[in-house]
Structures are given as structure tokens and as C-alpha cells.
Amino acid sequence: MPNVKPFANLPRHQRTAYHLIEAASRTWGTAPALDQPAGKGQYRTYSWLEYRQIAEEIAAGLRAKGIGKGDVVGLASETRAEFYLADLGVMVAGAIAAAVYTSLSPADQVKTLKNCDARMILVEDAKAMKTLLGAGAGELPVSWVVLSGEAENALTLDQLRDAGQRAMVEAPDLIERLRTGVKPDDHAILYLTSGATGEPKMGLVNHNSLVANCDMGPSVLPIGAEDCTLAFLPSAHITQRLVMQLLMIRLGVRVYFSEGLAKMPAELKRIKPTFFVAPPRVWERIYSSVTTEIRKKPAVIRNLFYLGLGLGSEANRRRQRGGTPPAWMRPSLKFFDRVVFSKIRERLGGRLKVAASGAAPLGKDLAEFYASINLPLIEGYGLTEGGVIALNPVDRPMAGSIGKTLPGVQVKISPEGELLIAGETVFHGYYKDPEATASVLRDGWLHTGDLAELDSRGYIWITGRKKELIVSSNGKKVYPSKIEALFKLEPLVNQVLLIGDKLPYMTALITINASVAETLKGGAPHEMKKLVQRINRQLAPFEQIRKFRILDRDFTVESGELTPTMKLRRARVIENYKELIGELYVGRDDV
């Protein structure tokens, strides 16, 4: 039976993607590593040995097709097993893997592939290739490989592997030359930043940074070869790429791939993951679904739910203060956990050891809800330029905090309140943009752009974004993310954007959940007014929302209002709704 224990940290001179998969295949061998949906609930399963072998074949095939060390290879695919295999193959070859966000418009994807000087594009299938060609990719000096199926004027993944196999036969030392020829300081990934506060940039990360970051995992995450997870985040995002792809190799965790958000509820129940990472939006939707259902239940069940929630909340507060629930509380907690809260956890398969929130900030109230039902969300913090640098302790998470720094990471707070980072996880700069690089890498420290506080216990608290700080016309400073987070627990609310920079008071644009709105007796505007009044009571006078408007559609990626990772692009929303916003600053207050 394969070893369930993780392998030892790699020495500095072996910190490359190839040595990472080599150690994993040697440790776990024929145990399952990747499970790609094959239809009707079936999967194509790849072992750790196959994972390494296929990555080697792809790497050799890339070399045979003229891709050399340091060349950029573009990847345009949803998250699937073939992406993992191809991505790793690119890195094993010593090339630089540049994945694009497939949720961006085809024109933006082509623009990115052009700007990163890609020499080859590995695309998901013929349909995706046709879409990119229609958006101008035919003008790029690239060759094409489709990861699934076949396409005209493109190699299939099998054909690329065949070319690699032939190259390995012709040069038996080829893989060993790749193994020793790719160095830890060589670039491995070209990340596309999400562009939440400006135009997207491309960040270069070397092999050492990736592997050093992965080596921090075993000491903070109690998962390994006996565990499994479900992957669905965008393949280009650092949370997906580093945590759900490379860290899973480091820990030996089996990865199942989702067929999409619509099928995920059934997949979670079937797969029963023990480790699951999702952005706050997913956790918000689960919460909204639960509370909406509870409102429809008879009064006795509603009262039981809220009584248990209150008791769980009190127990969680005691834990966060460093204590434990008193003896008199424990029987009741066990009762509510068995009768009420276990049913909620069963929606996620019922076996979760670690439920994590990543890719965007998590609201404190949302974190407290999950902690109250005995499913604490472990929030961490990472960014394209710095890697994953902080994580809440699994046994003592603090709601609202991003946790403590990972071993080997240095942090400090600047006099302006900005979070600064140093360590091996930090990137090596933006691609062909020395000015932008110099603006964030100064005196050995990465300037994150996030405003933060560090408490006496070592927990880090993000208070806002430096560029998103609202300064009203009377000089008062407002952190919009803190106020917007208060709306995220409300089932009626989908999205909210606070406005007020250089203006006399705060206003908000709000989008709503239509299915919830249909159940309201007083109508959405009336209920929203009551909701805003309730939230205002938690705010200082200068923070309070005096007017709001309910929009007739959600913010979208297509309109440029959301990044591919669903973060708000404030400037674009304000530009798109500038006339409506102007109306909010005339006449009497709404609230």
C-alpha cells in the first residue's frame, strides 16, 4: 500500500516542479491522483505514476516541437485533469506556463496571449480554439494543441505525447537533461493578475518560489494521501494553481474535477471531499439557500434552528477568547449538531476536515455563521505577487482575520498601515514592466496594497484596500469592504457597491436575488430600506448609507464590472452607472 505520509521538504537545489512530481510519484505510486469526469458519474483516474509520466511526455513533446527553456506557452482551458498535466509538462520542459482567464472575453484572452509573447497555445478543445481564432488569435505566431478531442491545424494532446515518447527514445537522456537543466531560479509561471484595481498585469514566479510555498503546507494543513478534494476555481488563479494543483502534489491529496457549478451540489454529496476551497461567493450562496429554506419551515423548526445557532455562536465566541464551552452547554451543542447542523454539513458531503475560503476576502459575520454550525471556514491570504502567505490555524481560526503568517514568511505594517511581505514566496516582477515592478518591490519588501493590522497574538486583520479607500468631501475615511461585507449575509442581496469618494455622504448600488425578492410581502424596495436602516445602526454617522438604488441586473465579467475571480472593479461600475450615481446626490435622503 502506498505511503500516506508526505515526503520531506526538497533541498533548495531541487526546488523545481519536476522534482515535486518526482517525489510524489515515488511516494504514492499507483494511488489515484486525478479524477476527470467522463460522463454518467464516471471518472478517468490518473495515478501519481501516470501524472509524472504524462508530464514527462508532454515536456519532451514540447521540446520536440521547438519549445525551449524560457519560452512562454499559453494555456486557455477550464480547470480539468488535462490542464494539470499540460501545465506541469510545460514547467518540466523549462518553459513558462501562462494561463488565461477563460471567463474573459475572447478578445481579452487573445490580447493577453499576444502580450506575453506565447509561442504555443494549449487550448481546451476545438470550440475554444475556434472562438480564439475568431477573436484574432490567427494572427499570433503560435502553434496549437487541443487538450481534449481534435481540431483542424492543431495537435491533439495524444499526438504531443507521442512526439515526446519518440523524442525520449531517440535521446534516452532527455528527461534527465530536463531534470537537471531546469533550475530553481528559472521562471515557471506567468500569472495574470485579476485587475481589480487597474489593468491586469503579468507576474513572473520561479520554481523555487512555488515549491518553497508548497513546502509550508504540511505544517499547517492536516491533510494528506488519505484525503480528497474537488477543484473548480479558475485555472489561472493563484489559489487554484498553487493550492489546488501544486500543493495537492506536495501533500498527495487526490483531486476530483467538477463539471461546473450547476452539478457541484451532487458532486459534493457523491465525492464527499475532506478538503474544500471555495470563494466567499459560494459560501454566501450556501448560507442564503439555508436561511431561505429555514424561513419557509414551521415556527417550531425555525425557532429550533435559531436557538441552536445562538448557542453555537456563544460557544464559538468562547473558543475565540481562548476558552472552551462550559459543561452545561455541551449536551445542547451535541443535540443541535446532530439534529440541525449535521444536515447542513451533509450538503458538502459530510466529511470535511478543512473547509477553506480563498480568492477574495471573507465577511466576518459569514465566518461566524459557519463556525457556529461546527464548520469553521479557514481563511487564508495570498496574492499573485506574493504567493500564499497567511492561514488561520485549523484548530483556532479567528473570524474576520486572515490568520497567521506561514513559516518562513516575513510581514510588517508600514507607517501608512499597508501590509508588506518578504520571503521566498515573493514574485520576481511584472513581465516587461520594470516601472510597475519597482512600484511594488521596494527595499526588499512587497507592498501589497492592502491595509492591515497585526495583533499581539500574531493574527493579521485586513481593513481595506489602499486604492479603494473612500475619503468623503469632509475628509472622513471609509473602508467600503467592511460595510459591504455586512450585506453579504442577507439572502435578498447579491452584490453591493459603496460610493462616496470626494462626495458629501455615502450611497450604494445594490443588486438583488430575484427568487428571494418574489417571496417578500412588502416588496424588495421596502425590505431593502429596512435592511439598510438596520446596517446603518452598526455604523458611524459618516459611514451610514443615505441613499441607494436597486439595479435591474447583476454586475458581470462581460461588462467589465467584475474580475474573472468575481472581485468588483469599482471604477468600471462607477463609470457604467455615472448618471444614476449623479441622481443619488440630489434631492432628499432615501433612508
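Quick note: structure is the one above.
Computed from a predicted structure; not experimentally measured.

Draft legend 1. Layout of the overall build of the chain. Across its full length, the chain holds 20 helices and 26 strands. Taking 591 residues into account, the globule formula puts the C-alpha radius of gyration at 25 Å, and the chain, at 25 Å, falls close to it. Based on the C-alpha atoms only, the size of the chain along its principal axes is roughly 75 × 55 × 50 Å. A burial count over the chain gives 57% of its 591 residues as buried. When contacts within the chain are restricted to residue pairs at least 6 apart in sequence, those whose partners lie at least 24 apart make up 66%. As presented, the chain carries roughly 25600 Å² of accessible surface, and 52% of it is formed by carbon and sulfur atoms. The positive charge centre, built from 77 side chains, and the negative charge centre, built from 64, are 7 Å apart in the chain.

Draft legend 2. Broad picture of the environment of Ala278. Mapped onto the elements, Ala278 comes out in strand β12 (residues 275-278). Counting along the chain gives 96 residues from Ala278 to Asn374, while the straight-line C-alpha distance between them is 17 Å. Those residues in contact with Ala278, other than ones at most four positions away along the chain, are Phe232, Trp283, Ala356, Ser357 and Gly358.

Draft legend 3. Fine view of the nonpolar core. Counting residues in each nonpolar core, the largest one holds 148 residues, and the members touching the most others are Leu34, Tyr51, Phe276, Trp283 and Tyr370. Those residues in contact with Tyr51, other than ones at most four positions away along the chain, are Ile21, Ala33, Leu34, Tyr84, Leu85, Leu88, Gln245 and Ile249. Counting 22 residues, the second-largest nonpolar core is a separate cluster that includes Ile470, Leu492, Met528 and Leu539.

Draft legend 4. Region of interest: the sheet that holds strand β25 (residues 506-512). Read from one edge of the open sheet, 3 strands run β24-β25-β26, paired in mixed fashion. Of all the strands in the sheet, the pair left with one neighbour each is β24 (493-499) and β26 (545-550). Recorded for the sheet is a direction-independent mean angle of 25 degrees between the axes of neighbouring strands. Here β24 pairs with β25 via 6 bridges, running antiparallel.

Draft legend 5. Here's a closer look at the pairing of strand β17 (residues 410-413). The sheet contact formed by β17 and strand β18 (residues 418-422) spans 4 bridges and is antiparallel. Paired with Val411 across the two strands is Ile421, which belongs to β18. The antiparallel pairing of β17 with β18 creates a hairpin that spans 4 residues between the two strands, and Gly417 there sits at a positive phi of about 90 degrees.

Draft legend 6. View of the pattern of salt bridges. Using the criterion set out here, one finds 34 salt bridges in the structure. Among the salt bridges present, the one from Arg44 reaches Glu50, with a minimum N-O distance of 3.4 Å. Exposure remark for Glu50: the relative accessible area of 26% places this residue in the partly exposed category. For Asp227, the salt bridge is made with Lys353, and the minimal N-O distance between the two is 3.0 Å. In this pair, Asp227 sits in the loop between α8 (207-214) and β10 (228-231) while Lys353 sits in the loop between α13 (330-346) and β13 (354-357), placing the two residues 126 residues apart along the sequence. Of the residues examined, Asp227 reaches a relative accessible area of 3% and is grouped as buried. Three or more residues are tied together by salt bridges with common partners; here these are Glu22, Arg52, Glu56, Glu176 and Arg179.

Draft legend 7. Structural context of the environment of Arg572. Along the polypeptide, Arg572 turns up in helix α19 (residues 570-576). The spatial distance from the C-alpha of Arg572 to the C-alpha of Gly560 is 6.5 Å, given a sequence separation of 12 residues. When sequence neighbours within four positions are dropped, the list of residues in contact with Arg572 reads Ser559, Gly560 and Glu561.

Draft legend 8. The arrangement of unusual backbone geometry in detail. Residues other than glycine seldom take positive phi values, yet Asn153 does so here, at roughly 65 degrees. Among the secondary structure elements, Asn153 is positioned in the loop between β6 (143-146) and β7 (155-156). Unusually for a residue other than glycine, Lys272 sits at a positive phi of about 55 degrees. For Lys272, the position within the fold is in the loop between α10 (264-271) and β12. Accessibility expressed as a relative area gives 37% for Lys272, which makes it partly exposed.

Cut-offs used in this document
Residues numbered from 1 in each chain as written. Predicted model: local features only at pLDDT ≥ 70, side-chain atom pairs only at ≥ 80, totals over all residues. Heavy atoms only, no water. Helix = DSSP H or I, 4+ residues; strand = E, 2+ residues; numbered from the N terminus. Rg over C-alpha atoms; globule rule 2.2 N^0.38 Å. Buried < 20%, exposed > 50% of the residue type's maximum accessible area, 1.4 Å probe, protein only. Contact = heavy atoms within 4.5 Å. Areas by Shrake-Rupley, 256 points an atom, 1.4 Å probe, with all protein chains shown as cover. Lys, Arg positive; Asp, Glu negative; His and termini not counted. Charge placed at Lys NZ, Arg CZ, Asp CG, Glu CD. Core = buried A, V, L, I, M, F, W, Y, C linked by side-chain atoms within 4.5 Å. Pairing = 2+ DSSP bridges. Axes fitted to C-alpha atoms, helices over the stretch in contact; angles between N-to-C directions. Salt bridge = Lys/Arg side-chain N within 4 Å of Asp/Glu carboxyl O.

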